[in-house]
Amino acid sequence: MPHHLSDADLDGDAPLVAARDTLDAFRAWSGTHPEEVAAHVYRWTAHLPEPSDRHRLQALIRHRPDSEAARAAEATRLRREALRRHALSLGEVPSSDLLDRIIADPRRRPPSSSTAPVDAVDTALERIRAHAALRRVPASGLLRERITRLYAALPEEALATGAMDRAARTIGRVLAIGSHDTLDAGPEATAAHLRRVVHGAYALAVAQAVVDLPAYDRNDAHHRLLPHLLSEIEPVPPAGVPDDPLAEELHAAHVLLLAGFPFAEHRLLYRATEVMYLARARAERRTRAEALRDGGETLLVDAMVETGAGGIAATLVGRRARPGVPVHRHLVMALATRLRHDLLNRARDAVTGRLTPFTLAPRDLDGDPLHDLFAAEAYMAATVFGGDPETADALAHHGSARLVAHLARDRFRIEEWLEAHRPTPEIEGFLRSAARIAHRRSGFALPAPAPSRARPHAATDPRTFAADRSGFVDTALTRYASGNDARGPRGVLSRSTDGPEGPLRPALTLMLAEGAAMDPEPLAPLVAAVELFHTGSLAFDERFSHLAGIALISSGYALMARMADDHPEERVIRAIARVGVLLGPERLCRGRYLDRVPARGEEPADPSGFLEVYALTTSTEIEVALVPAAILLGLPDHEIDLLTSYAHHAGIVLRVRSELLADSDGARSALVGAHGRATAARTLAAHRDLAEAALDGLALDTGLLRGVLDHFATRRR
């Protein structure tokens, strides 16, 4: 007999053992209850409406919402949806009286539709309300602020694969659990609990976003930080967090989680999240041969553990007290949920190379995943919800609608499924009927999701942009500078997690091209040259590497000549001349010399002397990434002057901020040491305002450049 959830359920190999036992029990039940599986498939089929009936009902509800038929249809929808949400949230079937109370309470009533969002953050907030069935989410101001930060920090590839939607579903699911758990509480107690739940829900959403990131080198900082956070009683000091926007947001979410859910009192919550992470990490490392070694069962077990542990964590955050739902129930619900999710995402997973039961050949698997999808929901209805017919009907109605909408977007997908799998006659009949109904009238089929819009520049963290464009920079360096030593310890290809200096220099060139809505490809040689200039200038800091620095900068000049293939000759000549001035004896070379003067005890007499050094070094490096690109893109002279001004002031902001940080760490810093922190802070603020003013005069999109300036002014290291 399954026991209630306890710490022992998540210790060591216990989650894997429990998942295997659950999978074995499901296989045994499925093999001995074919009639119950068939009956559940018939439930799905019964919820396939004829297009004419659907259109007639929609028209009735739209034009005569107060009619008896419209009210009856809406009451049926509310009851069915409220029942499904409560059952899946708490793992139990609500009584009829409790269901009536949910429907009667406008704060918890499932919404009939969602309004059209205006951007990705609003989309997430709208979906949170829809998933949680809450008209108003407590602490919505904090939630909007944090989701905005998450949106800015997530890699572009994560956004393209639905990371924001998954975050919204995670938060909405936890809030739904909290909402259903407080049905017997008063309004004040409910609001207080949900405010606390919001913090934990957001933390789980960020953790889930990190778990979902592929284990690439660029995500290494996140994957190293998450397990560390899940095993620490106290928050990690900010100084120990990598200078990366998603790592910073993960740390902030951890602080929120610890405030509402102290580690010592909620160890099971942190362990559940760790189990989820470890299961996904195992899946990421698994090869196709390893997945097939045991007929795909290990793959399915890890999927159950990952989804089930996520469900346990959500339950522990949403409930007021540790729930009595046994781990077996979480795993059964995870199996049913995961199989449907993997089917609906089969095409995308095949492209990304993700291994799921639906991206492997069915002949190589011990079971048939298409049959398992229907059987798992029937098993869940029978074992978790005690065979309650109304709950089974609500589950089937939702599943049928989701699958029909999916089929409606690709008329050929059904034949692919039927050819690849071994469906029972009942399943084949449902799928053919669903496809036929979905395509009989175009008005019935739900529209395909609109292509995801590019993230607005103003909503993108510049460090995330630099990381997203790292592939472009890598390609440019490989193509144009493969014979040069651009892979040094501070080169862009090293991608040190300790700071963004390397990636941001060539990224500035790409930011300008994006802001001007220009194709960046013709600027690829310049992008490579900017990195060579940057790496070469850093070599001047080392006593024995001056010749290497000269060689890299000379190679960068050679790359500039390649620009004539894609740009007018007069622009290329002008850009090269500008680079010559910037890197010549009166700018960068002189700045590097003056930068070493204070080390010999010859400090400037006033702040302007320090600012001259900062402008000749840091500002010059920013200008060399922006102004030659502006010349090549054909921007007007007055905009080139504004970009020059921006580079000048932004470089001073970056250097002064670095001096303030060095002084905070106890190191002697030039400007601060000579004139004090107050003077340095005023200098930073003044030049930040001047850089902002320069951007105000540009006709192009300056969102990314403003983001860079903000980062320079507030960076932590």
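Definitions and cut-offs
Residues numbered from 1 in each chain as written. Predicted model: local features only at pLDDT ≥ 70, side-chain atom pairs only at ≥ 80, totals over all residues. Heavy atoms only, no water. Helix = DSSP H or I, 4+ residues; strand = E, 2+ residues; numbered from the N terminus. Buried < 20%, exposed > 50% of the residue type's maximum accessible area, 1.4 Å probe, protein only. Areas by Shrake-Rupley, 256 points an atom, 1.4 Å probe, with all protein chains shown as cover. Salt bridge = Lys/Arg side-chain N within 4 Å of Asp/Glu carboxyl O. Axes fitted to C-alpha atoms, helices over the stretch in contact; angles between N-to-C directions. Parallel < 35°, antiparallel > 145°, perpendicular 65-115°, else oblique. Left-handed = near helix turned anticlockwise from the far one by under 90°. Contact = heavy atoms within 4.5 Å. Nonpolar A, V, L, I, M, F, W, Y, C, P; charged D, E, K, R; others polar. Phe/Tyr/Trp six-rings, centres within 6.5 Å; stacked < 30°, edge-to-face > 60°.

Looking only at helices and strands, one finds 33 helices and zero strands in the chain. Looking at the chain residue by residue over its 717 residues, the buried ones come to 54%. Accessible surface computed for the chain: about 30700 Å², of which carbon and sulfur atoms make up 53%.

Turning next to the pattern of salt bridges. A side chain of one charge can pair with a side chain of the opposite charge when the charged atoms of the two come close. Following the criterion strictly, the structure yields 45 salt bridges and no others. Arg-146 is paired through a salt bridge with Glu-249; the nearest N and O atoms lie 2.7 Å apart. Pair noted here: Arg-146 is in helix H7 (residues 140-153) and Glu-249 is in helix H12 (residues 245-260), with a separation of 103 residues, a long-range link. Both residues of the pair, Arg-146 and Glu-249, count as buried. Of the charged contacts, one joins Arg-463 and Asp-243 as a salt bridge, the two residues approaching to 2.6 Å between their closest N and O atoms. Placement of the pair is Arg-463 in helix H22 (residues 462-468) and Asp-243 in the loop between helix H11 (220-229) and H12, with a sequence separation of 220 residues. The same class applies to Arg-463 as to Asp-243, namely buried. Through salt bridges with shared partners, one network takes in Arg-166, Asp-212, Arg-280, Glu-284, Glu-306, Arg-338 and Asp-342.

Bringing the packing of helix H13 (residues 267-285) against helix H15 (residues 297-318) into the picture now. With their axes 8 Å apart at the nearest point, H13 and H15 run at an angle of 160° to one another. Looking at the two axes, H13 sits roughly antiparallel to H15. When you trace H13 past H15, the crossing you get is left-handed. Residues Leu-268, Leu-269, Ala-272, Thr-273, Val-275, Met-276, Ala-279, Arg-280, Arg-282 and Ala-283 of H13 pack against Asp-302, Val-305, Glu-306, Ala-309, Gly-310, Ile-312, Ala-313, Leu-316 and Val-317 of H15. The residue makeup of the contact of H13 with H15, split by class, is 13 nonpolar, two polar and four charged.

What follows concerns the environment of Val-384. Its place among the elements puts Val-384 in the loop between helix H18 (369-383) and helix H19 (389-407). Residue class for Val-384 comes out buried when judged on its relative accessible area of 5%. Considered as a pair, Val-384 and Val-332 are 52 residues apart in the sequence and their alpha carbons are 7.6 Å apart. Setting aside its immediate chain neighbours within four residues, Val-384 contacts Gly-91, Arg-329, Val-332, Met-333 and Tyr-379.

Applying the stated criterion across every chain, the model contains seven aromatic pairs. Consider the rings of Trp-44 and Phe-430, whose centres lie 5.5 Å apart with planes at 90°: the pair is edge-to-face. You can see Trp-44 sitting in helix H2 (residues 34-46) and its partner Phe-430 sitting in helix H21 (residues 425-440), a full 386 residues away along the chain. For Phe-430, a relative accessible area of 0% puts it in the buried group. Linked through ring pairs, Phe-26, Trp-29 and Tyr-379 together constitute an aromatic cluster.

Quick look at the side chain of His-330 now. Of note, His-330 is situated in helix H16 (residues 327-344). On the accessibility criterion, His-330 (6% relative accessible area) is buried. The contacts of His-330, once residues within four sequence positions are left out, are Gly-308, Gly-311, Ile-312, Thr-315 and Val-325.

Here we come to the side chain of His-40. For His-40, the location among the structural elements is in helix H2. Given a relative accessible area of 0%, His-40 falls into the buried group. Discounting chain neighbours no more than four positions away, the residues touching His-40 are Phe-374, Glu-377, Ala-378, Ala-392 and Ala-396.

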